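Structural overview for review
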2 protein chains.
Amino acid sequence: MASHPFDPGYEQEPFRSLCEDYPGEETYPADDFRVEWGPVFHRGRLDGSARVVVIGQDPAQHEVVTRRILVGAAGQRAQGFLAKLGIDASYVMVNAFLYSVFGQGGGERHADDAAIAAYRNRWLDALLVGGRVEAVVALGRLAGRAFEAWKQTPAGRGVEVAFERITHPTAPESSAGGDPERYAEAVRGMLANWNAGLERLRPAIRHPDADRDPVPYGEALTDADYAAIPERDLPAGLPAWMRSRAWADRRGRTPDLKRATVVVTVPRDARPWM
Amino acid sequence: MASHPFDPGYEQEPFRSLCEDYPGEETYPADDFRVEWGPVFHRGRLDGSARVVVIGQDPAQHEVVTRRILVGAAGQRAQGFLAKLGIDASYVMVNAFLYSVFGQGGGERHADDAAIAAYRNRWLDALLVGGRVEAVVALGRLAGRAFEAWKQTPAGRGVEVAFERITHPTAPESSAGGDPERYAEAVRGMLANWNAGLERLRPAIRHPDADRDPVPYGEALTDADYAAIPERDLPAGLPAWMRSRAWADRRGRTPDLKRATVVVTVPRDARPWM
């Protein structure tokens, strides 16, 4: 028997209450959010050991299956970014939005909604107030706005922490519209932005998990720039292939069916019967 | 905000260790078990409050998405059976097998495997030794054999508990081969078996959650014979539709693709955008 560490989840307060009482469709309208898949709360350490808080944007199809955020492509790239800071275990991630954004502009439209912020701020309070977090990394503009809004609250004003907003890890996919040249250009821009972010963040991380020789990103994403999601970040029993690669898809012959469907496919090299 | 109780999972020992160290492909061969989806461990109370232990057979497609056992049709029928005993919350369920059985006879072939039993017995020890369980209900023959094997162990011999093996809740589907008359006949037989089981179990349940007027099953399954899975049985954040009806399917153009795929579809009446 191999040992499989797992994320123990939300038994301890204040997370238990945060995961029992969360905003639903009254706060996240179904026209702009995929509320039908339920909220996805976090990934990483909830035991106070986190040194870096990552704020993402919203969960997608891989996340509603694993019930942890940032496990798909964006998550594996973010994990690689943390690795370059020497942060392999001491992090915790939350999103600006509890539900997947549906359609264009849904995130923008609700970026400043008071009820969304009120709940999110309770998470940021729990993760940042009185803790030992040394830096906050926001992935993209909406995540940055979420942090800045929290920083204006009485609790936020009391917390001294380095803050860096970097380009969202799948911004190139979103902006390129399938055009390979625009994609390459967007990736180049993102990686330059990440290298600058790493430079500024490094002095703030006084307690990394590992002292790592800082290798900057190149001009394009390589396999090494994706880091597998650590086993201990996911719930008990999830298979290893759910922590790397892409394996969940939204599919359907009509827009309604596509919104209603997630197809999970075991990757070819993870099929033990073949 | 509505309150959404959830299952806190496996943070507490001995369950933490049981969910960290579990048998894999060396014990459950991939030709007979769908090891690629990972193990699914349990459903229900792990805090010692269970009065009834249910032993099921193996997880299927709904279970690998929710990561709790007996949530699909078999689970909703079993939940209805417990309700007739007045047991709404004080139960815990484990399966004979940690992984989904693949193909015909896979379960039979491994019914007496020592390594499978050794791990399963650790769960039964944790749930039954020194506890306050009043009855064990096995769903089907393989589940019954699992209990009887445990009862032969030193720990099992020391435990006094009522035991009843009833017909597996989806045995009619398995045996009827799509023939409506054979199905109706098999359901009739199952419900008669369940009524007899209820009669024998009732005196053993000295501490039901509710004193319920015993209404026996009829000749066919009605909607009332399915009970929704309680919200507190599933991990945090799962949408309500995952606790009732059928919503997960194995599909694929080839046998390989079918084995590799689970399609999750939000039921029509749970699509808030429509």
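Below: a short report on this structure.

What counts and how
- Residues numbered from 1 in each chain as written.
- Chains lettered and ligands numbered in written order.
- Predicted model: local features only at pLDDT ≥ 70, side-chain atom pairs only at ≥ 80, totals over all residues.
- Heavy atoms only, no water.
- Core = buried A, V, L, I, M, F, W, Y, C linked by side-chain atoms within 4.5 Å.
- Buried < 20%, exposed > 50% of the residue type's maximum accessible area, 1.4 Å probe, protein only.
- Contact = heavy atoms within 4.5 Å.
- Buried area = accessible area lost by both parts, 1.4 Å probe.
- Salt bridge = Lys/Arg side-chain N within 4 Å of Asp/Glu carboxyl O.
- Helix = DSSP H or I, 4+ residues; strand = E, 2+ residues; numbered from the N terminus.
- Pairing = 2+ DSSP bridges.
- Axes fitted to C-alpha atoms, helices over the stretch in contact; angles between N-to-C directions.
- Lys, Arg positive; Asp, Glu negative; His and termini not counted.

1. Here we look at the nonpolar core
Judged by nonpolar contacts, the single largest core of 86 residues is most densely connected at Phe81 and Trp241 of chain A together with Phe81 and Trp241 of chain B. Non-local contacts of Trp241 of chain B, meaning those with residues more than four positions away in its chain, are made with Glu36 and Trp37 of chain A together with Trp247, Val264, Thr265, Val266, Pro267 and Ala270 of chain B.

2. Considering the interface of chain B and chain A
Taken together, the 49 residues of chain B in the interface contact 49 residues of chain A. In total, chain B and chain A occlude about 4400 Å² of area from one another, counting both sides; carbon and sulfur atoms represent 60% of this. Run the count over chain B and chain A and you get 0 salt bridges. Contributing elements (two or more residues each) for the side of chain B that touches chain A: strand S1 (2-3), helix H1 (15-20), strand S2 (21-22), helix H5 (114-128), helix H10 (255-260) and strand S9 (261-265) of chain B. Per-element tally for the side of chain B that touches chain A: the top contributor is S9 of chain B, with 5 residues. Alignment of strand S2 (residues 21-22) of chain A against S1 of chain B, held across 2 bridges, turns out to be antiparallel. The residue bridging Asp21 of chain A from the neighbouring strand is Ser3 of chain B, located in S1 of chain B.

3. Some points on the sheet that holds strand S3 (residues 43-44) of chain A
Residues and elements named next belong to chain A. With mixed pairing, the 5 strands of this open sheet are ordered in space as S3-S5-S4-S6-S7. Two strands bound the open sheet, and with one partner strand each, they are S3 and strand S7 (162-166). Both strand S4 (residues 52-56) and strand S6 (residues 135-139) contribute to a ladder of 4 bridges, which runs parallel. Note on S6: the bridge partner recorded for Val54 is Val137. The strands touched by helix H9 (residues 180-201) within the sheet are S6 and S7, with S7 carrying the most contacts at an inclination of about 175°.

4. Focus: the side chain of Arg34 of chain B
Residue and element names in this part refer to chain B. Mapped onto the elements of the fold, Arg34 is located in the loop between S2 and strand S3 (43-44). Comment: no salt bridge for buried Arg34; closest opposite-charge side chain is Glu36, at 5.0 Å. For Arg34, the residues in contact, after removing those within four places along its chain, are Tyr99, Ser100, Val101, Phe102, Arg250 and Arg259.

5. Notes on the pairing of strand S6 (residues 135-139) of chain B
Residues and elements named next belong to chain B. Burial of S6 is extensive: 5 of the 5 residues sit out of reach of the surface. Of the two faces of S6, the one carrying Ala135, Val137 and Leu139 and the one carrying Val136 and Ala138 are both buried. Bridging between S6 and strand S7 (residues 162-166) involves 5 bridges; their strand directions are parallel. Looking at the pairing, Ala135 lines up with Ala162 of S7.

6. A short note on the environment of Ala30 of chain B
Assignment of secondary structure puts Ala30 of chain B in the loop between S2 and S3. On the accessibility criterion, Ala30 of chain B (7% relative accessible area) is buried. For Ala30 of chain B and Ala117 of chain B, which are 87 residues apart along the polypeptide, the C-alpha to C-alpha distance reads 18 Å. Those residues in contact with Ala30 of chain B that sit more than four places away from it in its chain are Pro272 and Trp273 of chain A together with Glu25, Val35 and Arg259 of chain B.

7. Examining unusual backbone geometry
Here the bond from Glu13 of chain A into Pro14 of chain A is cis, since omega is 5°, no more than 30 degrees from zero. In this fold, Pro14 of chain A is placed in the loop between strand S1 (2-3) and helix H1 (15-20). Positive phi is not limited to glycine here, since Leu70 of chain B has a value of about 50°. Using a relative accessible area of 6% as the deciding quantity, one classes Leu70 of chain B as buried. At Arg245 of chain B, a position not held by glycine, the phi torsion is positive, near 70°. For Arg245 of chain B, the position within the fold is in the loop between helix H9 (180-201) and strand S8 (248-249). Using a relative accessible area of 43% as the deciding quantity, one classes Arg245 of chain B as partly exposed.

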